[in-house]
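Notes for the structure review
Residue strings, one per chain:
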Amino acid sequence: MRSLTTFAVFAALGLSAFAAPPVPRPAKELEVIEPSGKHDLLTSYRGKVVVVQGLFTTCPHCQKYSQLLTKIQGEFGPKGFQALGVAFNEEANAGTVANYINQFKIGFPIGPSSRDTVLSFLGFSVMDRLVVPQIVLIDKKGQIREQTEANPAGPMPLQDEAHLRSSIEKLLAEGGGASTGKTAPPPVSAPKKPTS
């Protein structure tokens, strides 16, 4: 019996290292501290469609993807889209992130973060071997709707510009955003007929 229990524990640990987190699911809170010291909370963007990019400042694929997100931010930002980035390579700090933003002309908030924080946000285990960039697409209600796998064997749709644009447009068209503060006008009632 004891060996069966031990096997079950190892099997569970092994599965957690390879299984992708389920979607949709609520996004955990994430704080992005920009090099300027400004704090951005993911929950403050409720009502917007958000893409979070987990990146290494030294990764050419991450640099290219950040530039793509900057272009998409310019196009879709006025329609309710927001990109955020977290740099979690060992040398990521306020200085290296500021250099990354300036060198690659990034137009959305990015801040350094710990690997543990990013893994927790992504729903991965410390046992998972990650490829970067890691991308999470969040709807207006704060639900993760799409996410890259930790270490995929094949293509990653969220890294494809056409797929990303289509997914963002679809989520922007959905309802469920945060209140705009405007109240709907009262319903117009039909005039009452006089009774005799």
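Below is a short write-up of the structure. Throughout, residues of each chain are indexed from 1 in the direction in which the sequence is written. Residue-level local features of this predicted model are given only where pLDDT is at least 70; pairs of side-chain atoms are given and counted only at 80 or more, and the full residue set underlies all totals for whole chains, interfaces and linings. The basis for the side-chain values is all heavy atoms of the structure; hydrogens and waters are excluded.

1. Re the environment of Gly47
Under the DSSP-based scheme used, a helix requires at least four consecutive residues in state H or I and a strand at least two consecutive residues in state E, with every element numbered from the N terminus. Structurally, the position occupied by Gly47 is in the loop between β3 (39–41) and β4 (49–55). As for Gly47 and Gly142, which are separated by 95 residues in sequence, their C-alpha atoms are 7.8 Å apart.

2. Quick look at the side chain of Gln53
Position of Gln53 among the secondary structure elements: in strand β4. We define a polar contact as two N or O atoms separated by no more than 3.5 Å, with the added condition that, inside protein, one atom must be a possible hydrogen donor and the other a possible acceptor, whereas residues neighbouring each other in sequence contribute only through side-chain atom pairs. Within the structure, the side chain of Gln53 is placed 3.1 Å from the backbone oxygen of Cys62, a separation counted as a polar contact. Of note is the side chain of Gln53, whose polar atom sits 2.7 Å from the side chain of Ser66. Contacts between residues were defined by any pair of non-hydrogen atoms, one from each residue, lying within 4.5 Å. Among residues more than four places away in sequence, those in contact with Gln53 are Cys62, Tyr65, Ser66, Leu69, Leu84, Gly85, Val86, Tyr100, Phe108, Pro133 and Gln134.

3. Considering the packing of aromatic side chains
Classification of ring pairs rests on two measures: the distance between centres of Phe, Tyr or Trp rings, Trp counted by its six-membered ring, which must be within 6.5 Å, and the angle between planes, read as stacked under 30 degrees, edge-to-face over 60 and tilted in between. On inspection of all chains with the given rule, the structure shows 2 aromatic pairs. Measuring from centroid to centroid gives 5.0 Å for Phe56 and Phe88, while their planes differ by 70°, and the two rings are edge-to-face. Taken together, the positions of Phe56 in the loop between β4 and α2 (60–76) and Phe88 in the loop between β5 (81–87) and α3 (94–103) put the pair 32 residues apart, joining distant regions of the chain.

4. Some words on the pairing of β5
As a general feature of sheets, a regular strand has side chains that alternate between the two faces. Most of β5 is tucked away: 7 of the 7 residues are buried. By definition, two strands form a pair when at least two bridges between them are found by DSSP. Note that β4 and β5 share 7 bridges and pair parallel. Note that in β5 the partner of Val49 across the bridge is Phe81. A crossover links β4 with its parallel partner β5, the connecting element being α2, and its sense is right-handed. As defined by bridge partners, β5 adjoins strand β6 (residues 110–112) across 3 bridges and the pair is classed as parallel. Residue pairing in the sheet places Gly85 in a bridge with Ile110 of β6. The rule is simple: take the accessible area with a 1.4 Å probe, protein chains only, and divide by the maximum for that residue type; under 20% is buried, over 50% is exposed, in between is partly exposed. If you view a crossover with the strands going away from you and the path from the first strand over the helix to the second runs clockwise, you call it right-handed.

5. A closer look at the packing of α2 against helix α5 (residues 161–173)
Here the axes come from fitting lines to C-alpha atoms, over the contacting stretch only for helices, and the angles between their N-to-C directions go from 0 to 180 degrees. The interhelical angle for the contact between α2 and α5, taken along N-to-C directions, is 35°, at an axis separation of 12 Å. The chirality of how α2 crosses α5 is right-handed. Residues Tyr65, Leu68, Leu69, Lys71, Ile72, Glu75 and Phe76 of α2 lie in contact with α5, whose contacting residues are Glu161, Leu164, Arg165, Ile168, Glu169 and Leu172. Polarity classes work like this: nonpolar for Ala, Val, Leu, Ile, Met, Phe, Trp, Tyr, Cys and Pro, charged for Asp, Glu, Lys and Arg, and polar for all others, with Gly in that last group. Classifying every residue of the contact of α2 with α5 gives 8 nonpolar, no polar and 5 charged. Here is the rule for handedness: rotate from the far helix to the near one, and if that takes an anticlockwise turn smaller than a right angle the crossing is left-handed, while a clockwise turn gives right-handed.

6. What about α2?
Here the expected span of a helix is defined as 1.5 Å times the quantity of residues minus one. When the terminal C-alpha atoms of α2 are compared, their 24 Å separation across 17 residues agrees well with the 24 Å that a helix rising 1.5 Å per residue should span. Contacts made by the buried residues of α2 are with β4, β5, α3, β6, β7 (134–138) and α5.

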